[in-house]
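Chain and residue survey
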Amino acid sequence: MRQIRVNSLIGTELITIDDVKLYAKIDTSVDDSLITNMISQARIWCENYISRDIISKNRTYYMDETNGLFDLPFAPVASVSSVTSEDIAAPYTIIGLDNETIELTNGSAFQVKVTYITSGINDAMIKQAMLQFVSMLYDNRSDFVEKSINEIPTNVKSLLNTYKSMFI
Amino acid sequence: MNAGHLNERVNVLRLTKTADGYGGYVQSYATSSTIWAKKRQKSGNIELQAGAISTFTEVEFIVRDQTAKEKIQDTDVIQVVGETEKYRINEIVEHEYKEFVKLRCTKID
């Protein structure tokens, strides 16, 4: 069994209300709170699609057992706060450019918990994907328009595919 | 209808009265706000009126519904930024897409 939990949000949203209003050609302030919510919704959807954190978070990752070498999900990782095995601190080494691979010094272990902080991704393509997504959410308030079903725009997926990893 | 179609910047002109210093008023148009719109020409009839050839140009501006409610009045005049032509609003009707309205306008000299 593996589990991942968000302890807290550290970073701020990548795009602002003004960015969205400029992109979506919105001239009024009436929907500002609605747009704020849509920005968060778009960001969460994009994070789940690429299995990476767009804004920095404090996370805890739990594994029932491991062979001693594993990747942390939702990388890149800024720092690792603690690694425990059966609630006892376990010595470890961090490997890789994004700090996402942990190697336990003592090899295989059980009930491993890792608390870490992700870096987030501040990138023009991610911003563009989020802007397109928020604009789509703003202009289409329901799933159905006449007889067609609105889906997540293909362009948003195309922009995000470069960053996609898999967390199963 | 998506945001990319709103590709014209238009001024909403409102009639204002200023004192002329002689007890009267001078009316002039002043820019009330500048908004995003899509301009579509609907017709450009050329007619003979009173022995002179006149062109009646009808255009349609598509704007966001909320923008129209907040920033446009029935007596306003629309002018595309960078152009000199002005358009009087004849009708404000709902667009096929929710959240947008059409301003049916006629060019005024």
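The present account deals with the structure reproduced in this document.

Cut-offs used in this document
- Residues numbered from 1 in each chain as written.
- Chains lettered and ligands numbered in written order.
- Predicted model: local features only at pLDDT ≥ 70, side-chain atom pairs only at ≥ 80, totals over all residues.
- Heavy atoms only, no water.
- Helix = DSSP H or I, 4+ residues; strand = E, 2+ residues; numbered from the N terminus.
- Expected span 1.5 Å × (residues − 1).
- Buried < 20%, exposed > 50% of the residue type's maximum accessible area, 1.4 Å probe, protein only.
- Polar contact = N/O pair within 3.5 Å; in protein donor to acceptor, adjacent residues only side chain to side chain.
- Core = buried A, V, L, I, M, F, W, Y, C linked by side-chain atoms within 4.5 Å.
- Contact = heavy atoms within 4.5 Å.
- Salt bridge = Lys/Arg side-chain N within 4 Å of Asp/Glu carboxyl O.

**Brief notes about helix 3 (residues 124–139) of chain A**
All names here are of chain A. Between its terminal C-alpha atoms helix 3 stretches 22 Å, which fits the 22 Å expected from 16 residues at 1.5 Å a residue. Buried within helix 3 are the following residues: I126, A129, M130, L131, F133, V134, S135, M136, Y138 and D139. Its side-chain oxygen at 2.8 Å from the backbone nitrogen of M125, D123 defines the N-terminal cap of helix 3.

**Looking at the nonpolar core**
Within the largest apolar cluster, 28 residues are counted, with the highest numbers of intra-cluster contacts made by I50, I54, I126, M130 and L160 of chain A. Elements with a contribution of two residues or more to this core: helix 2 (32–50), helix 3 and helix 4 (154–160) of chain A. At eight residues, the largest contribution of residues to this core is made by helix 3 of chain A. Not counting residues up to four positions away in its chain, the partners in contact with I50 of chain A are I121, I126, L160, Y163, K164 and S165 of chain A. Formed by 16 residues, the second largest nonpolar core is a distinct cluster that contains A37, V59, V80 and Y87 of chain B.

**What to know about the pattern of salt bridges**
All told, the structure shown has 15 salt bridges over all chains when counted by the stated rule. Between K21 of chain A and D32 of chain A there is a salt bridge whose closest N-O contact spans 3.1 Å. In this pair, K21 of chain A sits in helix 1 (residues 17–23) while D32 of chain A sits in helix 2, placing the two residues eleven residues apart along the sequence. The residue D139 of chain A makes a salt bridge to R64 of chain B at a minimum N-O spacing of 2.7 Å. Within this pair, whereas D139 of chain A is found in helix 3, its partner R64 of chain B is found in strand 3 (residues 52–64), the two belonging to separate chains. Grouping residues by exposure puts D139 of chain A and R64 of chain B together as buried.

These results come straight from atomic positions and should not be treated as a statement about function.
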